[in-house]
Amino acid sequence: KEAASKMLEIEKKRDKILADVDKKWTAEEKAKYVHDYLTKNCRYVIEYNRFNGTAYGCLVEGEARCEGYAKAFDYLMEALGVRTVVITGTTDEGEAHAWNKFEGSDGKWYNVDVTWDDNDGVEEGNHCYFMSSSEAFYKTHTPNDVYADENLIFNSKEYSGSGKNYYYKMNKLYATDEEDAKEILAREIADYNDKKKYMEIEFADSKLYDKFIKKYFTDGEIVDVIAEENPELIKDEKYNSFSIMENKDENIIVFYPIKR
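The rules behind each value
- Residues numbered from 1 in each chain as written.
- Predicted model: local features only at pLDDT ≥ 70, side-chain atom pairs only at ≥ 80, totals over all residues.
- Heavy atoms only, no water.
- Helix = DSSP H or I, 4+ residues; strand = E, 2+ residues; numbered from the N terminus.
- Pairing = 2+ DSSP bridges.
- Axes fitted to C-alpha atoms, helices over the stretch in contact; angles between N-to-C directions.
- Contact = heavy atoms within 4.5 Å.
- Buried < 20%, exposed > 50% of the residue type's maximum accessible area, 1.4 Å probe, protein only.
- Lys, Arg positive; Asp, Glu negative; His and termini not counted.
- Salt bridge = Lys/Arg side-chain N within 4 Å of Asp/Glu carboxyl O.
- Patch = residues over 30% accessible without salt bridge, like charges linked within 9 Å, V, L, I, M, F, W, Y side chains within 5 Å.
- Areas by Shrake-Rupley, 256 points an atom, 1.4 Å probe, with all protein chains shown as cover.
- Charge placed at Lys NZ, Arg CZ, Asp CG, Glu CD.

Chemist: Can you walk me through unusual backbone geometry in this structure?
Modeler: Trans is the prevailing form of peptide bonds, just as negative phi is the prevailing case for residues other than glycine. Its identity as a non-glycine residue notwithstanding, Lys172 has a phi of 55°, on the positive side. Inspection of the secondary structure puts Lys172 in the loop between helix H8 (166–170) and strand E8 (174–175). Here the phi dihedral of Asn251 falls at roughly 55°; this positive angle occurs in a residue that is not glycine. Position of Asn251 among the secondary structure elements: in the loop between strand E10 (239–247) and strand E11 (252–259).

Right under this line is the structure:
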């Protein structure tokens, strides 16, 4: 009886979550919708309980460990008709972990780690590990041996964009040089509003990443960009500083202004 009751609850929640999904969306658009919903509406917990390692815990109770996030992503994507798989393995620190792969509209399989993208400091999370290439992703994720067979379809058709995260490339948030970085920053600042919540940029290498951090945040040149592109952000000292989440493994920064 309890199992039947829980199934009804999760199915009702699933239908409510997916009600706004357009059937014409690509697999990538559906994946982003599910990813962003989970990072916004589920809270990461370390301690074990009956359900936080399940899709039920993630979707209905709003709390999950990595396994719960991965199963919830898989459950919702399957309901949307997109092929996915839950992958278990270890992190670069040797901890047991779980994540996903999904098949894109181009037939390639993309890595997704919803858990690691759920940053408590940003309401909607971020996309550092969304549609990440194998070269970038496997620096910090090692699948268990059972997933290592090269003949498995999600390995043989895996996206391997030379270290690039396809999400940033697709959304023109990938900087290959200083001019690129300046242009992306200006565009992100110009488009920023209270609904957007945060900004993200991926850099081609660590050298460019470090130069950007020093120029715009350490030396404070981001203030000049704001004054030129979106002066409302500093009008009447509405915002007085920026919060920065640095991801040096992926050469990605996530940043957002903090209100006074």
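Chemist: For this particular structure, what's the right way to read the sheet that holds strand E5 (residues 109–112)?
Modeler: By definition, the strands of a sheet pair up through backbone hydrogen bonds, in either a parallel or an antiparallel sense. Within the open sheet, the five strands sit side by side as E6-E5-E4-E3-E7. Their pairing is antiparallel. A single partner strand is all that each edge strand has here, and the edge strands are strand E6 (130–132) and strand E7 (141–143). Across the sheet, the axes of successive neighbouring strands diverge by a mean angle of 50°, strand direction being ignored. In this sheet, E6 lies alongside E5 in antiparallel orientation, the contact comprising two bridges. Among the inter-strand pairings, Asn111 is bridged to a residue of E6, identified as Ser132. Across the sheet, helix H2 (residues 27–41) touches strand E4 (96–103), E5 and E6, and the angle it forms with E6 is around 125°.

Chemist: It is not clear to me how the side chain of Glu28 should be interpreted in this structure. Could you clarify?
Modeler: Within the secondary structure layout, Glu28 lies in helix H2. Here Glu28 is buried and forms no salt bridge, its nearest opposite-charge partner Lys30 lying at an N-O distance of 9.4 Å. When residues no more than four places from it in sequence are discounted, the contact partners of Glu28 are Phe102, Gly104, Ser105, Asp106, Tyr110, Phe130 and Met131.

Chemist: Any chance you could explain the pairing of E4 here in plain terms?
Modeler: Where burial is concerned, most of E4 is hidden: seven out of the eight residues are buried. The turn joining strand E3 (residues 84–91) and E4, which pair antiparallel and follow one another in sequence, is formed by four residues; a positive phi near 85° is taken by Gly94. The sheet contact formed by E4 and E5 spans four bridges and is antiparallel. The residue bridging Glu103 from the neighbouring strand is Trp109, located in E5. Count of turn residues in the E4/E5 antiparallel hairpin: five residues, of which Gly107 carries a positive phi of about 85°.

Chemist: Please clarify how a negative patch on the surface should be interpreted in this entry.
Modeler: Taken together, Asp92, Glu93, Glu95 and Asp249 make up a surface patch of like negative charges. Tracing the chain through its elements places Asp92 in the loop between E3 and E4. Assessed through its relative accessible area of 46%, Asp92 is described here as partly exposed.

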